Amino acid sequence: MTDDYRQDGPRRVGQVKEVTSLANPIIKDIKALSQKKSRDESRTFLAEGLKLVIDALDRGWTIRTLVYAKAGKGKPLVEKVAARTVAAGGLVLEVSEKVMSSITRRDNPQMVAAVFEQRWTPLKDIQPKGSETWIALDRVRDPGNLGTIIRTADAAGASGVILVGDCTDPFSMETVRATMGSMFALPLVKTTPADFLKWKKSVDARLVATHLAGAVDYRTIDYKSKPVILMMGNEQSGLPDELAAAADKLARIPQVGMADSLNLAVATGVMLFEVRRHLLALDGAK
């Protein structure tokens, strides 16, 4: 299999193994990635789905361990991903459906899953410029919200996502699923509120934060003259005063009806597409 997909230059030789036992130590290690402690210690995470795995490879990510169900054997795309994994020195496991269900915690699992190394971008390396938009999230706690925001950020052409304070883990299985592969396209940053505020003072960008008090209609703000950092608050408590006070503009989305608030991911999407509106057009549109 490796002969057809060899890369130029030296490489480590990977392995292919068949595994049918849930007691296999490698399978146990992969299953443990459902726990944040194991993800943090190994600095890896699990992602599911053939398309997602191919997208990750095409974006320069390297698979540490590829797992595919027996039903995928012989399928050209699965074989190609397996070959690329082996060529890069990774491990390939062909497993039973029982093992795949156990790894993915699904009754009807995807045909392919892969273990990747985590990637974090240091905040000091981020220097917003031109028409860039960065999203800063304060203590986002819901994995589905975070995954949806990362997916939406990718769709709107944002440059990356900055996690401020005690946020949910973007590498959890729930969040990775919700990103639908977009987490492989965007830089992720984690920082403390103090370091974020210090960084904000060092960059030439407009910090726009959503807030209930002292805010203006989000459609009236200038998003064109500087790069924008869009800051969204915690699902329950919103932004703390120290972060809100650092904003150049406080924005609010007008609402009617009985609902007193929007879901965080929905509100972020509404804001983000307004921030990026002058930069977005349908294909072929003038």
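Computed from a predicted model, the values in this text were never measured in an experiment.

**Describing the overall build of the chain**
At step 1: Counting secondary structure elements, the chain contains ten helices and twelve strands.
At step 2: A separation threshold of at least 6 residues defines the contact pool for the chain, and within that pool the share at least 24 residues apart is 80%.
At step 3: Total accessible area on the chain stands at roughly 14700 Å², and carbon and sulfur atoms take up 49% of it.
At step 4: Considering the chain, the positive charge centre built from 41 side chains and the negative charge centre built from 34 side chains are found 2 Å apart.

**Thoughts on the nonpolar core**
At step 1: Phe45, Leu66, Phe116, Leu137, Phe184 and Met271 are the most contacted members of the largest nonpolar core, which has 52 residues in total.
At step 2: Here the element with the most residues in this core is helix 10 (residues 264-275); it accounts for six residues.
At step 3: Apart from the residues lying within four places of it in its own chain, the contact partners of Leu66 are Val53, Val81, Ala82, Thr85, Leu91, Val92, Leu93, Val112, Ala113 and Ala114.
At step 4: With 21 residues, the next largest nonpolar core counts Val164, Leu197, Ala209 and Leu243 among its residues.

**Things to note about the pairing of strand 11 (residues 228-232)**
At step 1: Burial analysis of strand 11 places five of its five residues in the buried class, which makes it a mostly covered element.
At step 2: Alternating positions in strand 11 separate into two faces, Val228, Leu230 and Met232 on one and Ile229 and Met231 on the other, with burial throughout.
At step 3: Both strand 6 (residues 133-138) and strand 11 contribute to a ladder of five bridges, which runs parallel. What sits directly across from Ile135, in strand 11, is Leu230.
At step 4: In this structure, strand 9 (residues 206-210) lies alongside strand 11, joined through four bridges in parallel fashion.

**Things to note about the sheet that holds strand 11**
At step 1: The seven strands lie next to each other as 8-7-6-11-9-12-10, forming an open sheet whose pairing is parallel. Two strands close off the open sheet at either side, each with one partner strand: strand 8 (188-191) and strand 10 (216-217).
At step 2: Judged from the four bridges that link them, strand 7 (residues 160-164) and strand 8 form a sheet pairing that is parallel. Considered in strand 8, the bridge of Val164 is made with Thr191.
At step 3: Those strands touched by helix 8 (residues 193-202) are strand 6, strand 7, strand 8, strand 9 and strand 11, and its axis lies near 130° from that of strand 7.
At step 4: Packing of helix 10 onto the sheet brings it into contact with strand 6, strand 9, strand 11 and strand 12 (249-252), and relative to strand 11 it is tilted by some 160°.

**Regarding the layout of surface pockets**
At step 1: What the largest pocket holds in volume is close to 650 Å³.
At step 2: Lining the largest pocket are 22 residues, and of these Thr210, Leu212, Gly238, Ser261 and Leu262 sit closest to its centre.
At step 3: Within the residue set of the lining of the largest pocket, elements represented by two or more residues are strand 12 and helix 10.
At step 4: Taken together, the residues that form the lining of the largest pocket break down as eight nonpolar, eleven polar and three charged.
At step 5: Looking at the second largest pocket, its volume works out to about 200 Å³.
At step 6: Glu48, Gly49, Lys51, Leu52, Asp55, Arg106, Gln110, Val176, Arg177, Met180 and Gly181 are the residues that line the second largest pocket.
At step 7: With three residues, the top contributor of residues to the lining of the second largest pocket is helix 3 (residues 50-58).

Calculation notes
- Residues numbered from 1 in each chain as written.
- Predicted model: local features only at pLDDT ≥ 70, side-chain atom pairs only at ≥ 80, totals over all residues.
- Heavy atoms only, no water.
- Helix = DSSP H or I, 4+ residues; strand = E, 2+ residues; numbered from the N terminus.
- Contact = heavy atoms within 4.5 Å.
- Areas by Shrake-Rupley, 256 points an atom, 1.4 Å probe, with all protein chains shown as cover.
- Lys, Arg positive; Asp, Glu negative; His and termini not counted.
- Charge placed at Lys NZ, Arg CZ, Asp CG, Glu CD.
- Core = buried A, V, L, I, M, F, W, Y, C linked by side-chain atoms within 4.5 Å.
- Buried < 20%, exposed > 50% of the residue type's maximum accessible area, 1.4 Å probe, protein only.
- Pairing = 2+ DSSP bridges.
- Axes fitted to C-alpha atoms, helices over the stretch in contact; angles between N-to-C directions.
- 1 Å grid on protein atoms, 1.4 Å probe; cavity = no way out; pocket = protein on both sides within 12 Å on 5 of 7 lines; lining within 4 Å.
- Points joined across faces, edges and corners; volume = space filled by probe spheres on them.
- Nonpolar A, V, L, I, M, F, W, Y, C, P; charged D, E, K, R; others polar.

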